[in-house]
Amino acid sequence: RRITFIPTTLHRLLTASEINDLWDKESYQDALWSALKAHDIEAERQVEIQEGGERYVADFVIPCPGGPLIIMCGARPRLDAGNVLHFTVEELTGATAGCIDHIRAALERTERAAGRNT
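Residues numbered from 1 in each chain as written. Predicted model: local features only at pLDDT ≥ 70, side-chain atom pairs only at ≥ 80, totals over all residues. Heavy atoms only, no water.

Enquirer: Outline unusual backbone geometry, supporting the account with residue identities and numerical values.
Expert: For Asp 40, which is not glycine, the phi torsion reads 55 degrees and is therefore positive. Residue Asp 40 is classed as exposed on the basis of its relative accessible area, which comes to 71%. For Gln 46, which is not a glycine, the phi torsion comes out positive at approximately 55 degrees. Of note, Gln 46 is situated in strand β1 (residues 44-51). Judged by relative accessible area, which is 15%, Gln 46 ranks as buried. (Buried < 20%, exposed > 50% of the residue type's maximum accessible area, 1.4 Å probe, protein only. Helix = DSSP H or I, 4+ residues; strand = E, 2+ residues; numbered from the N terminus.)

Below, the structure written as C-alpha cells:
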C-alpha cells in the first residue's frame, strides 16, 4: 500500500521495527497493537477498505486464507460483516487479553471456513 504521510513522534521513528509502529494513535489502539505483536499475530494498521460501495479505514487488518479479518476500535458505526470484530474503548483498556482471545477464535473460524472451501 502507498503511504504519503504518517503523524508520528521522533521516539516512535527511532524505535520502530516496522512501519506500523510509526502510527501515533490512541493508547487503547497501541495496547492492542502491542498485544498483537506479543502474540505473533501479523496485522496492518490503518488500512483503507472498500466493501459494497462503502469506503472506510480499518484500525487493524489481519490477512487470513478466507479473507481479511477486520478489527474496528472505539465508537464507530458497526459494520455487519462476518469478517469484522468490534472492540469498545472499555474492552481495549486494560483487557487486551480478552480481545486477543476473541481475535484468535475468529482466526480459527476463518481458517476452518477456508479449509472447507478448498
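Picking up after the structure, the text goes on.
Enquirer: So what's going on with the state of the cysteines? Residues and values would help.
Expert: A full pass over the atoms with the stated rule returns zero disulfides. Cysteine Cys 73 shares no disulfide, and the gap to the nearest cysteine sulfur, in Cys 99, comes to 7.9 Å. By relative accessible area, which is 2% here, Cys 99 ends up buried. (Disulfide = S-S within 2.5 Å.)

Functional significance is not addressed by these values, which are geometric in nature.
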